[in-house]
Number of protein chains: 2
Amino acid sequence: MSNQHPLDQTLKLTSASANQDGNQTFKGQILPAYGNMIGPYGGVIAAILLKALLQNEKHKGDPLSMTINFAAPLDNNEIEIATQLVRDNKSSQHWNLTLSQNGQIAVTASAVFSLQRQSWADQELPMPQVPAADTLKPLPTTGMPAWVANYDMRMIKGLITLQPGHQSDDSTRTLWVRDNPPRPLDFPALLAISDCFFPCIFVRKQQLVPTGTITLTTYFHATQDELVAQGDNYLLASARANRFHNGFSDQTGHIWSAAGELLVSTHQLVYFKA
Amino acid sequence: MSNQHPLDQTLKLTSASANQDGNQTFKGQILPAYGNMIGPYGGVIAAILLKALLQNEKHKGDPLSMTINFAAPLDNNEIEIATQLVRDNKSSQHWNLTLSQNGQIAVTASAVFSLQRQSWADQELPMPQVPAADTLKPLPTTGMPAWVANYDMRMIKGLITLQPGHQSDDSTRTLWVRDNPPRPLDFPALLAISDCFFPCIFVRKQQLVPTGTITLTTYFHATQDELVAQGDNYLLASARANRFHNGFSDQTGHIWSAAGELLVSTHQLVYFKA
């Protein structure tokens, strides 16, 4: 246990019940190591939901898309995840999930899995030109929420200094990021990282205000062989907001492999009070 | 009936059952007027799901986000929509939906609704500079799938000519669009339009190949007063793909009001065979 990576310790699930139709429930607990300002880090909540699908005996293929709706804050009590195979097609599966804690549904999710197949291919969105990760210093994690210490982040753009003079009209945050300690990349780790961007409102206002993700949708472009090739190298991550309005903003982000392949497009809607 | 706009005719739902917990079912039928290459146009499937929520007696506030997973093709038979209020918070609601046809679930969806409130506001993504709608010709709809005739589209970028010489390395499609005949904008109509972009693979390859949306997530930045101000004016819509790979591509799109307000950010994952 103690030799396991913190992410693997946190994503540990035990099967509680299963039926023939692909409905299976799991129990687990999100460790304080991945705590955020209130409750656990959203990326790890997403990852443990994906982990439940990967442990479901009926799953086939790889994750293609996943949407997570955060309906209520979580604490560190036991969680129960119910996975339901809604539709099992020849080459794809549609899943629904709920995460319950203290007797109530706190998170809902849906996912599409698909078998891999060859096709015409092209990447329109190139990796931005940035300094190499090893030329940048790791972000100090003192005073940060617990989850940040599980990542090695090398900030390129979008620093939060809390200096009013650093208020910006651009919410773009760009960074190199990998698990800390380093860990070979897999789909749950990649999904967890897709929520690694510090809140856009912090960057714009250079103030810490109440904020949280309402819903997160991640599309996986990555294939298994690209994950293996990436290993535990740094990923390049970049995200921005398009509009802040009526207490909400959106965020669109992208994550590239060290080799420049676009592995993930990730989108979220964020609540803020400012 | 005959005086009603085709969209309102198609989005007609009758309540079939309702309980105290906010679970309510509806019956309807998607008219051939909104037919696509196979089955109905995805935007109208999305809109009828949103319509069901707006007709649910327990709904409060306005739609904030909606994710629709297309698990199986539909036909023109009767549909049944089940709406489930998963979590009813003080200022927000989390909904799950299924759309069944011929005795099977064909579409799943989730949505977040929220009460409006004032906040700090800013729009980072400006409307692109484009020629005015009335200086452009409407797209001819002859030979197009039926749904296209219900929109007045003025193409600016991303034409499909099926000429190999027009293959492009940029999937961007930009157009002015509004309902045809014109119809005051509301949330279902805006959601329907968020899927109006011709398939990115058609633009890139200048070939008609099998393609379809797997999952669609739309974030509503628009408020009721912005919809009213927009009325039946043209909307500016623009979308692009980021990566084509292993038979799938993503798409990120944005829709601006005539006044330049970003009303919608919309994302989808698309299947293609090429």
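Remember, predicted model here, so these are calculated numbers, not experimental data. (Residues numbered from 1 in each chain as written. Chains lettered and ligands numbered in written order. Predicted model: local features only at pLDDT ≥ 70, side-chain atom pairs only at ≥ 80, totals over all residues. Heavy atoms only, no water.)

### Description of the overall build of chain A
Helix and strand content of chain A: 5 helices and 14 strands. By the compact-globule yardstick of 19 Å for 274 residues, chain A fits well, its C-alpha radius of gyration being 18 Å. Along the first, second and third principal axes, the C-alpha set of chain A runs to 60 × 45 × 40 Å. Long-range pairs, those at least 24 residues apart, make up 69% of the contacts in chain A with a sequence separation of at least 6. With 19 positive and 22 negative side-chain charges, chain A shows a separation of 5 Å between the mean positions of the two kinds. (Helix = DSSP H or I, 4+ residues; strand = E, 2+ residues; numbered from the N terminus. Rg over C-alpha atoms; globule rule 2.2 N^0.38 Å. Contact = heavy atoms within 4.5 Å. Lys, Arg positive; Asp, Glu negative; His and termini not counted. Charge placed at Lys NZ, Arg CZ, Asp CG, Glu CD.)

### Some words on the relation of the copies chain A and chain B
Under the fitted operation, chain A is carried onto chain B by 0.0 Å of movement along the axis and a turn of 180 degrees, and the coordinates agree to an RMSD of 0.0 Å. With respect to symmetry, the two chain copies, as superposed, fit the operation of a two-fold axis. Both copies contact each other with a shared surface, as 100% of the interface residues of chain A are interface residues in chain B too. (Least-squares fit on C-alpha atoms with pLDDT ≥ 70 in both.)

### Focus on the interface of chain A and chain B
For interface size, the figure often reported is the accessible area lost on association. Contact with chain A, which involves 63 residues of that partner, is made by 63 residues of chain B. When the area that chain A buries against chain B is broken down by residue, the three leading residues are Trp-120, Glu-124 and Arg-243 of chain A, summing to 15%. At the boundary of chain A and chain B, one finds 8 salt bridges. For the salt bridge of Arg-204 of chain A with Glu-124 of chain B, the shortest nitrogen-to-oxygen distance reads 3.0 Å. Between the two partners, chain A and chain B, sit 48 residue pairs in polar contact (both at pLDDT 80 or more). (Buried area = accessible area lost by both parts, 1.4 Å probe. Salt bridge = Lys/Arg side-chain N within 4 Å of Asp/Glu carboxyl O. Polar contact = N/O pair within 3.5 Å; in protein donor to acceptor, adjacent residues only side chain to side chain.)

### Concerning the packing of aromatic side chains
For the coordinates displayed, the defined rule picks out 16 aromatic pairs over all chains. For the ring pair Tyr-41 of chain A and Trp-147 of chain A, a centre distance of 4.0 Å and an interplane angle of 5 degrees mean the geometry is stacked. Taken together, the residues span a long stretch of sequence, with Tyr-41 of chain A in the loop between β2 (24–29) and α2 (42–55) and Trp-147 of chain A in the loop between β7 (122–123) and β8 (151–157) at a distance of 106 residues. This pair shows no difference in class: Tyr-41 of chain A is buried, exactly as Trp-147 of chain A is. Ring geometry for Tyr-41 of chain B and Tyr-151 of chain B: centres 6.1 Å apart, planes at 70 degrees, overall edge-to-face. Highlighted residues: Tyr-41 of chain B in the loop between β2 (24–29) and α2 (42–55) and Tyr-151 of chain B in strand β8 (residues 151–157), separated in sequence by 110 residues. Neither Tyr-41 of chain B nor Tyr-151 of chain B differs from the other in exposure class; each is buried. An aromatic cluster of at least three residues, connected via ring pairs, comprises Tyr-41, Trp-147, Tyr-151 and Phe-198 of chain A. Sitting over the face of the ring of Phe-248 of chain A, Arg-117 of chain B holds its NZ or CZ atom 5.5 Å from the ring centroid. (Phe/Tyr/Trp six-rings, centres within 6.5 Å; stacked < 30°, edge-to-face > 60°. Buried < 20%, exposed > 50% of the residue type's maximum accessible area, 1.4 Å probe, protein only. Lys NZ or Arg CZ within 6 Å of the ring centre and 35° of its normal.)

### Details of the environment of Lys-51 of chain A
Residues and elements named next belong to chain A. Tracing the sequence through the fold places Lys-51 in helix α2. Relative accessible area serves as the criterion here: at 23%, Lys-51 is assigned to the partly exposed category. As a C-alpha pair, Lys-51 and Asp-62 span 11 residues in sequence and 12 Å in three-dimensional space. The contacts of Lys-51, once residues within four sequence positions are left out, are Leu-11, Leu-13 and Pro-188.

### Thoughts on the pattern of salt bridges
Counted according to the given criterion, the structure contains 22 salt bridges over all chains. Residue Lys-157 of chain A pairs with Asp-170 of chain A through a salt bridge whose shortest N-O separation is 3.4 Å. Within this pair, whereas Lys-157 of chain A is found in strand β8, its partner Asp-170 of chain A is found in the loop between β8 and β9 (173–179), the two being separated by 13 residues in sequence. Salt bridges here are not isolated pairs; linked through shared partners, they connect Asp-122 and Glu-124 of chain A together with Arg-204 and Arg-240 of chain B.

### Notes on the confidence of the model for chain A
When pLDDT is low, close inspection of the predicted coordinates is not appropriate. Per-residue confidence for chain A averages 96 on the pLDDT scale, and 99% of its residues sit at or above 70. In the model output, the complex is listed with pTM 0.97 alongside ipTM 0.97. (pLDDT = per-residue confidence, 0-100.)

### Quick word on the state of the cysteines
Counted by the stated rule, this structure contains 0 disulfides over all chains. The thiol sulfur of Cys-200 of chain A is not disulfide-bonded, and the nearest other cysteine sulfur, from Cys-196 of chain A, lies at 13 Å. (Disulfide = S-S within 2.5 Å.)

### Some remarks on the pairing of strand β11 (residues 235–240) of chain B
Within a regular strand, the side chains alternate between the two sheet faces. Residue and element names in this part refer to chain B. When you tally the buried positions in β11, you get 5 out of 6 residues, the bulk of the element. Alignment of strand β9 (residues 173–179) against β11, held across 5 bridges, turns out to be antiparallel. What sits directly across from Val-177, in β11, is Leu-235. (Pairing = 2+ DSSP bridges.)

### What to know about the pairing of β8 of chain A
All names here are of chain A. Most of β8 is tucked away: 5 of the 7 residues are buried. Strand direction decides the pairing type here: β8 and β9, joined by 6 bridges, are antiparallel. Its bridge partner being in β9, Arg-154 is matched across the sheet by Trp-176.

### Concerning α2 of chain B
Taking 1.5 Å of rise per residue, 14 residues should cover 20 Å, and α2 of chain B covers 20 Å from first to last C-alpha, within 8% of that figure. Within the sequence span of α2 of chain B, burial applies to Gly-42, Gly-43, Val-44, Ile-45, Ala-46, Ala-47, Ile-48, Leu-49, Leu-50, Ala-52 and Leu-53 of chain B. (Expected span 1.5 Å × (residues − 1).)

### Some remarks on the side chain of His-5 of chain B
Residues and elements named next belong to chain B. If you trace the backbone, His-5 turns up in the segment before α1 (6–10). A residue is classified by how much of its surface remains accessible, and His-5, at 9% relative accessible area, is buried. Polar contacts involving the side chain of His-5 include one to the main-chain amide nitrogen of Leu-7, which spans 3.0 Å. Here Pro-181 takes part through its backbone oxygen, which lies 2.6 Å from a polar atom of the side chain of His-5. Among all residues touching His-5, those that are not within four sequence positions of it are Tyr-34, Asp-179, Asn-180, Pro-181, Pro-182 and Arg-183.

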